[in-house]
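# Descriptive analysis of the structure
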Amino acid sequence: MARLVILLSVVLFSVYQTEQAYFLEESYIEMINDVATTWTAGVNFDPSTPEKDLIKMLGSKGVEAAKNASAHMFKTHDVAYNNNGYIPRTFDARRRWRHCKTIGEVRDQGYCGSCWAFGTSSAFADRLCVATDGDFNELLSAEELTFCCHTCGNGCNGGYPIKAWKYFSSHGLVTGGNYKSGEGCEPYRVPPCPRNEDGTSSCAGQPIEKNHRCTRMCYGNQDLDYNDDHRFTRDYYYLTYGSIQKDVMNYGPIEASFDVYDDFYSYKSGVYQRTPNATKLGGHAVKLIGWGVEEGIPYWLMVNSWSAQWGDNGLFKIRRGTDECGIDSATTAGVPVTN
(Lines give C-alpha, C1' and ligand atoms only; values in the text may rest on other atoms or scores of the structure.)
Protein backbone atom coordinates (compact mmCIF):
# COMPACT_ATOMS: atom_id res chain seq x y z
CA MET A 1 0.00 0.00 0.00
CA ALA A 2 2.79 2.39 0.95
CA ARG A 3 4.55 1.63 -2.35
CA LEU A 4 1.31 2.38 -4.24
CA VAL A 5 0.94 5.75 -2.48
CA ILE A 6 4.55 6.61 -3.29
CA LEU A 7 4.06 5.58 -6.91
CA LEU A 8 0.89 7.66 -7.23
CA SER A 9 2.69 10.62 -5.64
CA VAL A 10 5.51 10.32 -8.17
CA VAL A 11 3.04 10.14 -11.07
CA LEU A 12 1.05 13.12 -9.82
CA PHE A 13 4.22 15.10 -9.21
CA SER A 14 5.38 14.29 -12.75
CA VAL A 15 2.07 15.46 -14.22
CA TYR A 16 2.25 18.60 -12.10
CA GLN A 17 5.78 19.26 -13.28
CA THR A 18 4.94 18.85 -16.96
CA GLU A 19 2.02 21.25 -16.63
CA GLN A 20 4.15 24.08 -15.28
CA ALA A 21 5.52 26.66 -17.66
CA TYR A 22 9.24 25.80 -17.79
CA PHE A 23 9.98 29.28 -19.15
CA LEU A 24 8.85 30.95 -15.91
CA GLU A 25 11.47 29.15 -13.85
CA GLU A 26 14.23 31.25 -12.32
CA SER A 27 16.92 29.29 -14.18
CA TYR A 28 15.23 29.99 -17.53
CA ILE A 29 14.94 33.70 -16.77
CA GLU A 30 18.63 33.74 -15.83
CA MET A 31 19.42 32.03 -19.13
CA ILE A 32 17.47 34.71 -21.00
CA ASN A 33 19.44 37.45 -19.27
CA ASP A 34 22.70 35.70 -20.14
CA VAL A 35 21.97 35.90 -23.87
CA ALA A 36 19.63 38.90 -24.30
CA THR A 37 21.69 41.99 -25.17
CA THR A 38 18.98 44.64 -25.59
CA TRP A 39 16.44 43.78 -22.90
CA THR A 40 16.06 42.39 -19.40
CA ALA A 41 13.84 39.55 -18.18
CA GLY A 42 12.27 39.18 -14.74
CA VAL A 43 9.34 37.62 -12.89
CA ASN A 44 5.90 38.62 -14.19
CA PHE A 45 3.96 35.44 -13.36
CA ASP A 46 3.85 32.84 -10.61
CA PRO A 47 6.40 30.17 -11.71
CA SER A 48 3.83 27.45 -10.97
CA THR A 49 1.44 28.80 -13.64
CA PRO A 50 0.50 26.02 -16.09
CA GLU A 51 1.83 26.57 -19.59
CA LYS A 52 -1.63 26.12 -21.13
CA ASP A 53 -2.97 29.02 -19.02
CA LEU A 54 -0.39 31.35 -20.52
CA ILE A 55 -0.89 30.13 -24.08
CA LYS A 56 -4.63 30.76 -23.80
CA MET A 57 -3.91 34.45 -23.20
CA LEU A 58 -2.69 34.57 -26.80
CA GLY A 59 -5.58 35.08 -29.18
CA SER A 60 -4.49 36.98 -32.27
CA LYS A 61 -4.54 35.40 -35.69
CA GLY A 62 -3.20 38.66 -37.11
CA VAL A 63 0.26 37.63 -38.31
CA GLU A 64 -1.00 34.75 -40.43
CA ALA A 65 -3.92 36.84 -41.75
CA ALA A 66 -1.57 39.65 -42.82
CA LYS A 67 0.63 37.21 -44.71
CA ASN A 68 -2.39 35.99 -46.67
CA ALA A 69 -3.99 39.41 -47.23
CA SER A 70 -4.30 40.79 -50.75
CA ALA A 71 -2.24 43.84 -51.69
CA HIS A 72 -5.25 46.17 -51.89
CA MET A 73 -5.87 45.64 -48.16
CA PHE A 74 -2.60 47.44 -47.35
CA LYS A 75 -2.73 51.20 -47.04
CA THR A 76 0.31 52.85 -48.56
CA HIS A 77 -0.86 56.44 -48.98
CA ASP A 78 -3.34 58.95 -47.64
CA VAL A 79 -3.75 62.62 -48.50
CA ALA A 80 -3.20 63.33 -44.80
CA TYR A 81 0.30 61.84 -45.08
CA ASN A 82 1.35 64.84 -47.15
CA ASN A 83 1.57 66.74 -43.86
CA ASN A 84 4.39 64.45 -42.73
CA GLY A 85 7.52 65.50 -44.53
CA TYR A 86 9.50 64.67 -41.40
CA ILE A 87 9.22 61.56 -39.22
CA PRO A 88 10.60 62.34 -35.75
CA ARG A 89 13.22 60.07 -34.18
CA THR A 90 10.92 59.51 -31.19
CA PHE A 91 7.15 59.72 -30.92
CA ASP A 92 4.80 58.97 -28.04
CA ALA A 93 1.06 59.35 -28.64
CA ARG A 94 0.53 59.94 -24.90
CA ARG A 95 2.53 63.15 -25.18
CA ARG A 96 1.25 64.18 -28.59
CA TRP A 97 -2.37 63.98 -27.44
CA ARG A 98 -2.11 64.60 -23.70
CA HIS A 99 -5.84 65.23 -23.42
CA CYS A 100 -6.67 61.67 -24.56
CA LYS A 101 -6.58 59.78 -21.28
CA THR A 102 -7.17 56.33 -22.82
CA ILE A 103 -3.95 56.22 -24.86
CA GLY A 104 -1.69 55.19 -22.00
CA GLU A 105 -4.26 53.15 -20.09
CA VAL A 106 -3.15 49.56 -19.49
CA ARG A 107 -6.09 47.17 -19.44
CA ASP A 108 -6.51 43.56 -18.28
CA GLN A 109 -8.07 41.02 -20.63
CA GLY A 110 -8.34 38.49 -17.78
CA TYR A 111 -8.21 34.77 -18.46
CA CYS A 112 -9.53 35.15 -21.99
CA GLY A 113 -7.75 35.22 -25.36
CA SER A 114 -9.38 38.52 -26.25
CA CYS A 115 -6.19 40.47 -26.94
CA TRP A 116 -7.37 40.94 -30.54
CA ALA A 117 -10.42 42.81 -29.21
CA PHE A 118 -8.41 44.93 -26.78
CA GLY A 119 -5.76 45.97 -29.28
CA THR A 120 -8.35 47.09 -31.82
CA SER A 121 -11.07 48.61 -29.60
CA SER A 122 -8.47 50.50 -27.55
CA ALA A 123 -6.82 51.97 -30.64
CA PHE A 124 -10.25 52.87 -32.05
CA ALA A 125 -11.14 54.73 -28.83
CA ASP A 126 -7.84 56.64 -28.94
CA ARG A 127 -8.43 57.55 -32.58
CA LEU A 128 -11.90 58.85 -31.79
CA CYS A 129 -10.41 61.10 -29.12
CA VAL A 130 -7.79 62.37 -31.57
CA ALA A 131 -10.38 62.92 -34.33
CA THR A 132 -12.78 64.82 -32.04
CA ASP A 133 -10.03 66.78 -30.29
CA GLY A 134 -11.02 65.24 -26.98
CA ASP A 135 -14.80 65.52 -27.24
CA PHE A 136 -14.86 61.72 -27.17
CA ASN A 137 -12.56 60.60 -24.37
CA GLU A 138 -13.52 57.16 -23.03
CA LEU A 139 -13.09 53.46 -23.66
CA LEU A 140 -14.97 51.45 -26.26
CA SER A 141 -16.46 48.06 -25.42
CA ALA A 142 -14.07 45.12 -25.61
CA GLU A 143 -17.02 43.11 -24.28
CA GLU A 144 -19.29 43.78 -27.25
CA LEU A 145 -16.49 43.15 -29.73
CA THR A 146 -15.28 39.92 -28.09
CA PHE A 147 -18.67 38.30 -27.77
CA CYS A 148 -20.86 39.86 -30.48
CA CYS A 149 -18.54 39.87 -33.48
CA HIS A 150 -19.06 36.26 -34.54
CA THR A 151 -17.32 36.92 -37.86
CA CYS A 152 -14.18 38.07 -36.01
CA GLY A 153 -13.27 34.70 -34.54
CA ASN A 154 -14.26 32.83 -31.42
CA GLY A 155 -14.31 35.26 -28.51
CA CYS A 156 -11.99 34.15 -25.71
CA ASN A 157 -10.49 31.58 -28.07
CA GLY A 158 -9.01 34.16 -30.41
CA GLY A 159 -9.88 36.34 -33.37
CA TYR A 160 -8.72 38.42 -36.34
CA PRO A 161 -7.90 42.10 -35.73
CA ILE A 162 -8.64 43.12 -39.34
CA LYS A 163 -12.14 41.62 -38.99
CA ALA A 164 -12.64 43.70 -35.83
CA TRP A 165 -11.96 46.91 -37.78
CA LYS A 166 -14.31 45.68 -40.51
CA TYR A 167 -16.95 45.17 -37.79
CA PHE A 168 -16.44 48.77 -36.64
CA SER A 169 -17.06 50.01 -40.19
CA SER A 170 -20.27 48.03 -40.70
CA HIS A 171 -21.74 47.46 -37.23
CA GLY A 172 -19.99 50.02 -35.03
CA LEU A 173 -19.04 49.62 -31.38
CA VAL A 174 -20.56 50.94 -28.16
CA THR A 175 -18.70 52.48 -25.24
CA GLY A 176 -17.61 50.26 -22.38
CA GLY A 177 -15.15 50.61 -19.53
CA ASN A 178 -13.25 48.11 -17.41
CA TYR A 179 -14.57 45.27 -15.26
CA LYS A 180 -17.20 46.42 -12.72
CA SER A 181 -16.55 50.08 -13.63
CA GLY A 182 -20.14 50.71 -14.69
CA GLU A 183 -18.69 53.03 -17.31
CA GLY A 184 -20.09 53.20 -20.81
CA CYS A 185 -22.82 51.09 -22.35
CA GLU A 186 -21.18 47.66 -22.04
CA PRO A 187 -18.25 47.41 -19.59
CA TYR A 188 -15.96 44.36 -19.79
CA ARG A 189 -17.37 41.41 -17.85
CA VAL A 190 -14.33 39.10 -17.72
CA PRO A 191 -12.69 39.50 -14.29
CA PRO A 192 -9.05 40.66 -14.23
CA CYS A 193 -6.28 38.42 -12.92
CA PRO A 194 -4.36 40.49 -10.35
CA ARG A 195 -1.36 38.87 -8.67
CA ASN A 196 -0.82 39.01 -4.94
CA GLU A 197 2.50 39.63 -3.14
CA ASP A 198 3.84 36.12 -3.81
CA GLY A 199 2.97 36.41 -7.51
CA THR A 200 -0.03 34.08 -7.46
CA SER A 201 -2.72 35.05 -9.95
CA SER A 202 -6.35 35.27 -8.85
CA CYS A 203 -7.15 33.22 -11.97
CA ALA A 204 -4.77 30.38 -11.02
CA GLY A 205 -6.44 27.02 -11.40
CA GLN A 206 -9.51 28.52 -13.05
CA PRO A 207 -10.73 27.42 -16.49
CA ILE A 208 -10.50 29.90 -19.35
CA GLU A 209 -13.51 32.24 -19.45
CA LYS A 210 -16.40 30.79 -21.40
CA ASN A 211 -17.71 32.95 -24.21
CA HIS A 212 -20.45 35.26 -22.98
CA ARG A 213 -23.83 35.62 -24.58
CA CYS A 214 -23.92 38.67 -26.83
CA THR A 215 -25.88 41.39 -25.03
CA ARG A 216 -27.65 43.99 -27.17
CA MET A 217 -28.49 46.50 -24.46
CA CYS A 218 -26.67 48.93 -22.16
CA TYR A 219 -26.14 47.35 -18.74
CA GLY A 220 -23.41 49.78 -17.60
CA ASN A 221 -24.59 53.35 -17.93
CA GLN A 222 -28.26 52.67 -18.50
CA ASP A 223 -28.96 56.27 -19.47
CA LEU A 224 -27.35 55.45 -22.81
CA ASP A 225 -29.27 54.10 -25.77
CA TYR A 226 -27.63 50.94 -27.18
CA ASN A 227 -28.31 51.78 -30.83
CA ASP A 228 -27.35 55.44 -30.58
CA ASP A 229 -24.14 54.68 -28.70
CA HIS A 230 -22.39 52.92 -31.59
CA ARG A 231 -19.32 54.57 -33.11
CA PHE A 232 -18.05 53.68 -36.59
CA THR A 233 -14.96 53.75 -38.74
CA ARG A 234 -15.12 54.71 -42.41
CA ASP A 235 -12.69 51.96 -43.43
CA TYR A 236 -10.36 49.17 -42.30
CA TYR A 237 -6.87 48.31 -43.50
CA TYR A 238 -3.44 46.83 -42.95
CA LEU A 239 -0.47 49.17 -42.94
CA THR A 240 2.77 48.71 -44.85
CA TYR A 241 5.91 49.23 -42.81
CA GLY A 242 6.50 52.55 -44.57
CA SER A 243 3.06 53.92 -43.69
CA ILE A 244 2.81 52.94 -40.00
CA GLN A 245 4.44 56.06 -38.58
CA LYS A 246 2.55 58.46 -40.86
CA ASP A 247 -0.77 56.83 -40.01
CA VAL A 248 -0.10 56.99 -36.27
CA MET A 249 1.01 60.63 -36.47
CA ASN A 250 -2.19 61.59 -38.30
CA TYR A 251 -4.83 59.42 -36.69
CA GLY A 252 -3.44 57.96 -33.45
CA PRO A 253 -2.52 54.48 -32.12
CA ILE A 254 -3.02 51.28 -34.10
CA GLU A 255 -3.27 47.54 -33.42
CA ALA A 256 -0.18 45.37 -33.92
CA SER A 257 0.04 41.57 -33.90
CA PHE A 258 3.18 39.48 -33.46
CA ASP A 259 4.34 35.94 -32.76
CA VAL A 260 4.94 35.33 -29.07
CA TYR A 261 7.90 33.22 -27.94
CA ASP A 262 8.31 31.77 -24.47
CA ASP A 263 10.85 34.39 -23.37
CA PHE A 264 8.41 37.28 -23.96
CA TYR A 265 6.34 36.42 -20.87
CA SER A 266 9.27 37.49 -18.69
CA TYR A 267 9.96 40.86 -20.39
CA LYS A 268 10.74 43.66 -17.94
CA SER A 269 12.63 46.44 -19.73
CA GLY A 270 14.65 47.35 -22.80
CA VAL A 271 14.01 46.57 -26.46
CA TYR A 272 12.65 43.06 -26.88
CA GLN A 273 14.18 40.70 -29.43
CA ARG A 274 13.52 37.00 -29.15
CA THR A 275 16.44 35.03 -27.80
CA PRO A 276 18.02 32.30 -30.00
CA ASN A 277 16.49 29.26 -28.29
CA ALA A 278 13.04 30.67 -27.59
CA THR A 279 10.02 28.62 -28.65
CA LYS A 280 7.02 30.06 -30.50
CA LEU A 281 3.77 29.66 -28.57
CA GLY A 282 1.14 31.68 -30.44
CA GLY A 283 0.00 35.08 -31.67
CA HIS A 284 -0.78 38.20 -29.64
CA ALA A 285 -2.31 41.61 -30.34
CA VAL A 286 -1.38 44.86 -28.61
CA LYS A 287 -1.63 48.61 -29.18
CA LEU A 288 1.18 50.53 -30.88
CA ILE A 289 1.47 54.09 -29.54
CA GLY A 290 4.89 55.28 -30.67
CA TRP A 291 8.52 54.60 -31.43
CA GLY A 292 12.06 55.61 -30.58
CA VAL A 293 15.67 54.50 -30.39
CA GLU A 294 17.33 53.03 -27.28
CA GLU A 295 21.10 52.51 -27.23
CA GLY A 296 21.12 52.50 -31.00
CA ILE A 297 18.25 50.01 -31.35
CA PRO A 298 15.07 51.32 -33.03
CA TYR A 299 11.84 50.18 -31.35
CA TRP A 300 8.06 50.34 -31.35
CA LEU A 301 6.38 51.41 -28.10
CA MET A 302 3.52 49.07 -27.16
CA VAL A 303 0.69 48.89 -24.63
CA ASN A 304 -0.13 45.31 -23.56
CA SER A 305 -3.41 44.09 -22.01
CA TRP A 306 -1.98 41.86 -19.26
CA SER A 307 -2.39 44.52 -16.54
CA ALA A 308 0.12 47.08 -15.28
CA GLN A 309 1.75 44.34 -13.15
CA TRP A 310 3.31 42.88 -16.30
CA GLY A 311 6.46 44.13 -18.01
CA ASP A 312 7.36 47.81 -17.78
CA ASN A 313 4.17 48.93 -16.01
CA GLY A 314 2.15 47.16 -18.67
CA LEU A 315 4.15 48.49 -21.62
CA PHE A 316 7.02 47.12 -23.68
CA LYS A 317 9.38 48.01 -26.51
CA ILE A 318 10.06 45.68 -29.42
CA ARG A 319 12.68 46.02 -32.14
CA ARG A 320 11.55 48.04 -35.15
CA GLY A 321 12.62 47.66 -38.77
CA THR A 322 13.66 44.00 -38.79
CA ASP A 323 10.12 42.52 -38.67
CA GLU A 324 10.81 41.14 -35.20
CA CYS A 325 8.30 38.33 -34.58
CA GLY A 326 6.29 39.62 -37.56
CA ILE A 327 5.48 42.93 -35.86
CA ASP A 328 6.36 45.23 -38.78
CA SER A 329 4.02 43.52 -41.21
CA ALA A 330 0.89 42.78 -39.15
CA THR A 331 -0.60 46.13 -38.11
CA THR A 332 -4.24 47.16 -38.60
CA ALA A 333 -6.31 50.32 -38.26
CA GLY A 334 -9.29 52.31 -39.48
CA VAL A 335 -10.25 55.99 -39.56
CA PRO A 336 -13.17 56.98 -37.28
CA VAL A 337 -16.38 58.59 -38.50
CA THR A 338 -16.94 61.77 -36.47
CA ASN A 339 -20.14 63.31 -37.83
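On record in UniProt, under Sequence similarities (unreviewed entry), the comment for the protein is "Belongs to the peptidase C1 family."

Scanning the entire structure with this criterion turns up 27 aromatic pairs. Arranged with centres 6.3 Å apart and planes meeting at 90°, the rings of Trp291 and Trp300 form a pair that is edge-to-face. Directly above the ring of Tyr160 sits Lys163, whose terminal nitrogen or CZ lies 4.4 Å from the centroid.

Next up on the list: unusual backbone geometry. Of note in the backbone geometry, Asp133 takes a positive phi value of approximately 55° without being a glycine. Position of Asp133 relative to the elements: it lies in the loop between helix H6 (115-131) and helix H7 (142-148).

Attention now moves to the side chain of Asp263. Checked against the element boundaries, Asp263 lands in the loop between strand E5 (254-261) and strand E6 (267-272). Nearest to the buried, unbridged Asp263 among oppositely charged side chains is Arg274, at 7.3 Å. A distance of 2.6 Å separates a polar atom in the side chain of Asp263 from a polar atom in the side chain of Tyr272. Separated by 2.8 Å, the side chains of Asp263 and Thr275 make a polar contact. Those residues in contact with Asp263 that lie beyond four places of it in its chain are Ile32, Trp39, Tyr272, Gln273, Arg274, Thr275 and Ala278.

Next up on the list: the nonpolar core. With 77 residues, the main nonpolar core has Leu145, Phe258, Tyr265, Met302 and Phe316 as its most contacted residues. Among the elements that line this core, the one with the most residues is H6, at eight residues. Beyond its immediate sequence surroundings of up to four residues, Leu145 is in contact with Trp116, Ala117, Thr120, Ser121, Cys152, Ala164, Tyr167, Phe168 and Leu173.

Considering the arrangement of structural elements, one finds Lys268 in strand E6. On the basis of relative accessibility, which here comes to 26%, the residue Lys268 falls in the partly exposed class. Linking Lys268 and Gly42, residues 226 residues apart in sequence, is a C-alpha distance of 5.7 Å.

Along the polypeptide, Arg89 turns up in the loop between strand E2 (74-75) and strand E3 (91-92). Owing to a relative accessible area of 57%, Arg89 belongs among the exposed residues under this scheme. It is 20 Å that separates the C-alpha atoms of Arg89 and Gln273, two residues lying 184 residues apart in sequence. Residue contacts for Arg89: discarding those within four places in its chain leaves Trp291, Gly292, Val293 and Arg320.

Tallied over the full model, the rule gives 12 salt bridges. Residues Arg127 and Asp247 are paired through a salt bridge, measuring 2.7 Å at the closest nitrogen-oxygen approach. Here Asp247 lies in helix H9 (residues 244-251) and Arg127 lies in helix H6, a separation of 120 residues in the sequence. The shortest N-O distance in the salt bridge between Arg231 and Asp229 comes to 2.7 Å. The exposure class of Arg231 is partly exposed, given its relative accessible area of 23%. Residues joined by salt bridges that share partners form a network here, namely Lys75, Asp78, Arg127 and Asp247.

Further remarks concern the state of the cysteines. Going through the model one piece at a time under the given rule, you end up with six disulfides. There is a disulfide in this structure between Cys112 and Cys156, and the S-S distance comes to 2.1 Å. For the disulfide bridge between Cys112 and Cys156, the dihedral angle about the S-S bond is near -100°, and by the sign convention the bridge is left-handed. With a gap of 44 residues between them, Cys112 in the loop between helix H5 (93-96) and H6 and Cys156 in the loop between H7 and helix H8 (161-170) connect regions that are remote in the sequence. According to the relative accessible area criterion, Cys112 is buried, its value standing at 0%. Accessibility expressed as a relative area gives 1% for Cys156, which makes it buried. Across the disulfide from Cys185 sits Cys218; the S-S distance is 2.1 Å. Disulfide Cys185-Cys218: the torsion about the S-S bond is -95°, which places it as left-handed. With a gap of 33 residues between them, Cys185 in the loop between H8 and strand E4 (237-239) and Cys218 in the loop between H8 and E4 connect regions that are remote in the sequence. Residue Cys218 is classed as buried on the basis of its relative accessible area, which comes to 8%.

Procedures and definitions
Residues numbered from 1 in each chain as written. Predicted model: local features only at pLDDT ≥ 70, side-chain atom pairs only at ≥ 80, totals over all residues. Heavy atoms only, no water. UniProt positions renumbered as here; feature names shortened; annotations may be inferred. Phe/Tyr/Trp six-rings, centres within 6.5 Å; stacked < 30°, edge-to-face > 60°. Lys NZ or Arg CZ within 6 Å of the ring centre and 35° of its normal. Helix = DSSP H or I, 4+ residues; strand = E, 2+ residues; numbered from the N terminus. Buried < 20%, exposed > 50% of the residue type's maximum accessible area, 1.4 Å probe, protein only. Lys, Arg positive; Asp, Glu negative; His and termini not counted. Salt bridge = Lys/Arg side-chain N within 4 Å of Asp/Glu carboxyl O. Polar contact = N/O pair within 3.5 Å; in protein donor to acceptor, adjacent residues only side chain to side chain. Contact = heavy atoms within 4.5 Å. Core = buried A, V, L, I, M, F, W, Y, C linked by side-chain atoms within 4.5 Å. Disulfide = S-S within 2.5 Å.

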